[in-house]
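What follows is the residue order along each chain.
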Amino acid sequence: RQGAWFSSTHAVEGRASRAGRAASEGAQAADRLRPAGRRADPPPRLSVPLEMLRGPRDFAALQSSSRSRVDPLIVLRFTRNDRGGTRFGFSTGRKLGGAVVRNKVRRRLRMRIQAMMAGIAPGWDVLVVARPAAADATYAELGVALERLMRQAGIMHRTGGTGDAATRVRNTRVRPPADQAVDGTQVERNA
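Residues numbered from 1 in each chain as written. Predicted model: local features only at pLDDT ≥ 70, side-chain atom pairs only at ≥ 80, totals over all residues. Heavy atoms only, no water.

Here we look at the environment of Arg112
Part 1 of the reasoning: Within the secondary structure layout, Arg112 lies in helix 3 (residues 99–116).
Part 2 of the reasoning: Arg112 gets classed as buried once you look at its relative accessible area, which sits at 10%.
Part 3 of the reasoning: In the structure, Arg112 is positioned 30 residues away from Leu142 in sequence and 8.1 Å away in space, judged by C-alpha atoms. (Helix = DSSP H or I, 4+ residues; strand = E, 2+ residues; numbered from the N terminus. Buried < 20%, exposed > 50% of the residue type's maximum accessible area, 1.4 Å probe, protein only.)

In structure tokens form, the structure reads like this:
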């Protein structure tokens, strides 16, 4: 057959064979492309990786003995664990969309949880189930829904969280001016 490609043992004349090269030669060749003395540093990790729910037993335990909180975008199922750390699982069904959409939603949820880790209490197993509306939601909308459900569930500390402006405004208590009482009446001050 004309134009067929054969393995390196049947190499075509004029093409360099890769069989004789060392495994590290490719990396050395790439180093030669950078200025001398400079190596590329790996990008810094922005946060600690999440501890994930892995096995079928973990998910079955959540299905049988967990509580839940519901939002139009996500469902949060949670239960206490005795491990001392909080573990997360994500469920994105096919109703959400294709693989690209499901992966995008999982990635957004995972990034949002990593941003909130400072405010999350230890000792929980949490399953985040994405609903079909989550496919069209923005990163911020998913974050607000997730944070609200985690606060309702008692998984987040009251002072922790992402620190975004919407959360600060929502959690700010309005205090009356110094010359007014709580009921709005004027307070006389002794001079």
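Considerations on the packing of aromatic side chains
Part 1 of the reasoning: Here the structure, examined in full by the defined rule, presents one aromatic pair.
Part 2 of the reasoning: Between Phe78 and Trp124 the ring centres are 5.8 Å apart and the planes differ by 65 degrees, which places this aromatic pair in the edge-to-face class. Here Phe78, found in strand 3 (residues 74–80), pairs with Trp124, found in strand 5 (residues 124–130); they are 46 residues apart in sequence, far enough to count as distant.
Part 3 of the reasoning: Among the residues examined, Trp124 registers a relative accessible area of 5% and is labelled buried. (Phe/Tyr/Trp six-rings, centres within 6.5 Å; stacked < 30°, edge-to-face > 60°.)

Some words on the pairing of strand 5
Part 1 of the reasoning: Counting buried residues in strand 5 gives six out of seven residues, a clear majority hidden from the surface.
Part 2 of the reasoning: Pairing between strand 4 (residues 87–92) and strand 5: six bridges, direction parallel. Bridge pairing links Phe88 to Val126 in strand 5.
Part 3 of the reasoning: For the segment spanning strand 4, helix 3 and strand 5, crossover handedness is left-handed. (Pairing = 2+ DSSP bridges. Right-handed = clockwise from strand over helix to strand, strands pointing away.)

Comments concerning the nonpolar core
Part 1 of the reasoning: The biggest cluster of nonpolar side chains holds 30 residues, and the ones touching the most others in it are Ile74, Leu76, Ile113, Val128, Leu146, Met150 and Ile155.
Part 2 of the reasoning: Taken together, the elements giving at least two residues each to this core come down to strand 3, strand 4, helix 3, strand 5 and helix 4 (139–153).
Part 3 of the reasoning: Per element, the largest residue contribution to this core is six residues, and it comes from helix 4.
Part 4 of the reasoning: Residues within four places of Ile74 in sequence aside, it is in contact with Arg69, Leu109, Val128, Val129, Ala130, Arg131, Leu142, Ala145, Leu146 and Leu149. (Core = buried A, V, L, I, M, F, W, Y, C linked by side-chain atoms within 4.5 Å. Contact = heavy atoms within 4.5 Å.)

Thoughts on the packing of helix 3 against helix 4
Part 1 of the reasoning: Here helix 3 crosses helix 4 at 55 degrees, and the two axes come no closer than 10 Å. With respect to their mutual orientation, helix 3 and helix 4 come out oblique. Here helix 3 and helix 4 pass one another in a crossing that is right-handed. Here Arg108, Leu109, Met111, Arg112, Ile113 and Met116 of helix 3 lie close against helix 4, whose contacting residues are Tyr139, Leu142, Gly143, Val144, Leu146, Glu147 and Met150.
Part 2 of the reasoning: Across the contact of helix 3 with helix 4, the residue classes break down as nine nonpolar, one polar and three charged. (Axes fitted to C-alpha atoms, helices over the stretch in contact; angles between N-to-C directions. Parallel < 35°, antiparallel > 145°, perpendicular 65-115°, else oblique. Left-handed = near helix turned anticlockwise from the far one by under 90°. Nonpolar A, V, L, I, M, F, W, Y, C, P; charged D, E, K, R; others polar.)

A few points about the pairing of strand 2 (residues 67–70)
Part 1 of the reasoning: Judged from the four bridges that link them, strand 2 and strand 3 form a sheet pairing that is antiparallel. The residue of strand 3 that forms the bridge with Arg69 is Leu76.

Describing the pattern of salt bridges
Part 1 of the reasoning: Tallied over the full model, the rule gives four salt bridges.
Part 2 of the reasoning: For Asp58, the salt bridge goes to Arg87, with nearest N and O atoms at 3.4 Å. In this pair, Asp58 is assigned in helix 2 (residues 56–65) and Arg87 in strand 4, connecting sequence segments 29 residues apart. Comparing Asp58 with Arg87 shows no difference in burial state: the two are buried.
Part 3 of the reasoning: We note a salt bridge from Asp125 to Arg87, for which the minimum N-O separation is 2.9 Å. On the criterion of sequence distance, the pair formed by Asp125 in strand 5 and Arg87 in strand 4 is long-range, its members being 38 residues apart. Comparing Asp125 with Arg87, the two get one shared label, buried. (Salt bridge = Lys/Arg side-chain N within 4 Å of Asp/Glu carboxyl O.)

These values are about where atoms sit, not about what they do.
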